[in-house]
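# Commentary on secondary and tertiary structure
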Amino acid sequence: MTPEQRQVKRYVDVVQLVIFLIGVVFILLGINLGVETAWGSVLINVGSDIVVVSLLFFLGRVLLTDTQPDVVNILRGIEKQLLKRFGLFLTRDELNSRQSHGDFIQQARKLYVGGIGLRATRQGYLDHLRDRLDNGAHLRFGVLDPESPDVAFIAEMWNIPAADVANSLRAALSELKQLRTHSESQRSGSVEIRCFRHEPEFSFTLRDPDGPNATLRVQLRVYKVAAASRPAWELRPTDKPWFRVFMQAVEKLWQDSKPCP
């Protein structure tokens, strides 16, 4: 049922109730005047007819109106909201359906992004990051060290040369350093870059950790599963205890990392 149809239905219900009440008032007035009087008898008869007609009209609507589609739509809506709020995992596309990655970045005053090469953030969102810097935002990036022993493991997992993985990481660092140069030249915002010694178990994007709208997007790194299909969460401070657990893990990753080459 469309919003316009629901509004018409409410109007009809109100009119029907008013008509029913008028019939009841006529009956009560007739009783008050006395059944034996002419006016009393007329009011009772008219009131009774009005009440009967309104009741028949109501029963007809109940019996002839198919309410199942409305019920199904309501239940589907409830199910959708519950899955969004309490679903165990989300895919990357489902996460972005809540808010695109670009919009997520665009609202940040502080942003911390960590993972392997941050390809999802670098491809298509560098302009968003520059805009944040121009507005005074503070950005932190954590990537895997190109010299990490885990580079060989990642290369073996995806059956590609280790040199390709290392070069991809160096390219990521080069792009991030360009952001830092942009910040320094514009004298606006700041960029910090650190290298993880080992492959982190999850990638993440943390927005405004100290603010009331703090949000942490976490995506697990699953063996031989492409990034688009990996399980993900979106956590806020009210999501206890997991928001605090992952926040602490993110901070420990940063503390254990090292300056990038």
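Everything here concerns the structure above.
What this report covers is the structure whose coordinates are included nearby. (Residues numbered from 1 in each chain as written. Predicted model: local features only at pLDDT ≥ 70, side-chain atom pairs only at ≥ 80, totals over all residues. Heavy atoms only, no water.)

In terms of regular secondary structure, the protein chain is built from 9 helices and 7 strands. Classification of the 261 residues of the protein chain by burial places 35% in the buried group. Within the protein chain, contacts between residues separated by at least 24 positions form 65% of all contacts whose residues are at least 6 apart in sequence. In the structure as shown, the protein chain presents an accessible area of about 16100 Å², 60% of it carried by carbon and sulfur atoms. (Helix = DSSP H or I, 4+ residues; strand = E, 2+ residues; numbered from the N terminus. Buried < 20%, exposed > 50% of the residue type's maximum accessible area, 1.4 Å probe, protein only. Contact = heavy atoms within 4.5 Å. Areas by Shrake-Rupley, 256 points an atom, 1.4 Å probe, with all protein chains shown as cover.)

Further remarks concern the state of the cysteines. Overall, the coordinates contain 1 disulfide when judged by the stated rule. With a sulfur-sulfur separation of 2.2 Å, Cys195 is cross-linked through a disulfide to Cys260. On the sign convention where negative is left-handed, the bridge of Cys195 and Cys260, at about 120 degrees about the S-S bond, is right-handed. One end of the pair, Cys195, is in strand 3 (residues 190-196); the other, Cys260, is in the segment after strand 7 (258-259), with 65 residues separating them in the sequence. Note on Cys195: relative accessible area 0%, which makes it buried. A relative accessible area of 18% places Cys260 in the buried class. (Disulfide = S-S within 2.5 Å.)

Take the sheet that holds strand 7 next. Across the sheet, 7 strands lie side by side as 6-5-4-1-2-3-7; this open sheet has mixed pairing. What marks the edges here is a single partner per strand, and that holds for strand 6 (232-235) and strand 7. Sheet topology note: the strand 1 (residues 110-114)/strand 2 (residues 138-144) ladder contains 5 bridges and is parallel. Residue pairing across strands places Tyr112 opposite Arg140, the latter belonging to strand 2. Its contacts with the sheet put helix 6 (residues 119-134) on strand 1, strand 2 and strand 3, and the angle it makes with strand 2 is roughly 155 degrees. In this fold helix 8 (residues 162-186) packs onto strand 2 and strand 3, with an angle of close to 160 degrees to the strand it touches most, strand 3. (Pairing = 2+ DSSP bridges. Axes fitted to C-alpha atoms, helices over the stretch in contact; angles between N-to-C directions.)

Summarising burial for strand 2: 6 of the 7 residues are buried, a large majority. Read from strand 1 through helix 6 to strand 2, the crossover connection turns out right-handed. (Right-handed = clockwise from strand over helix to strand, strands pointing away.)

Bringing the side chain of Arg230 into the picture now. Checked against the element boundaries, Arg230 lands in the loop between strand 5 (215-220) and strand 6. If near-sequence neighbours (up to four positions away) are discounted, Arg230 is found in contact with Leu90, Thr91, Arg92, Trp158, Gln219, Leu220, Arg221, Val222 and Val225.

Now for the pattern of salt bridges. Tallied over the full model, the rule gives 9 salt bridges. Among the salt bridges present, the one from Arg221 reaches Glu199, with a minimum N-O distance of 2.8 Å. In this pair, Arg221 sits in the loop between strand 5 and strand 6 while Glu199 sits in the loop between strand 3 and strand 4 (202-207), placing the two residues 22 residues apart along the sequence. Assessed through its relative accessible area of 17%, Glu199 is described here as buried. When salt bridges that share partners are traced, they join Arg217, Glu234 and Arg236 into one network. (Salt bridge = Lys/Arg side-chain N within 4 Å of Asp/Glu carboxyl O.)

Another point: the packing of helix 7 (residues 150-158) against helix 8. Taken N-terminus to C-terminus, the directions of helix 7 and helix 8 make an angle of 120 degrees; their axes are 8 Å apart at the nearest point. The handedness of the crossing between helix 7 and helix 8 comes out as right-handed. Contacts from Val151, Ala152, Ile154 and Ala155 of helix 7 reach helix 8 at Ala162, Val165, Ala166 and Leu169. Classifying every residue of the contact of helix 7 with helix 8 gives 8 nonpolar, no polar and no charged. (Left-handed = near helix turned anticlockwise from the far one by under 90°. Nonpolar A, V, L, I, M, F, W, Y, C, P; charged D, E, K, R; others polar.)

Bringing a nonpolar patch on the surface into the picture now. A cluster of nonpolar side chains, contributed by Leu33, Trp39, Val42 and Val46, occupies part of the molecular surface with about 410 Å² of accessible area. Here the nonpolar patch gets 3 residues from one element, more than from any other, and that element is helix 2 (residues 38-64). Within the secondary structure layout, Leu33 lies in helix 1 (residues 3-33). (Patch = residues over 30% accessible without salt bridge, like charges linked within 9 Å, V, L, I, M, F, W, Y side chains within 5 Å.)

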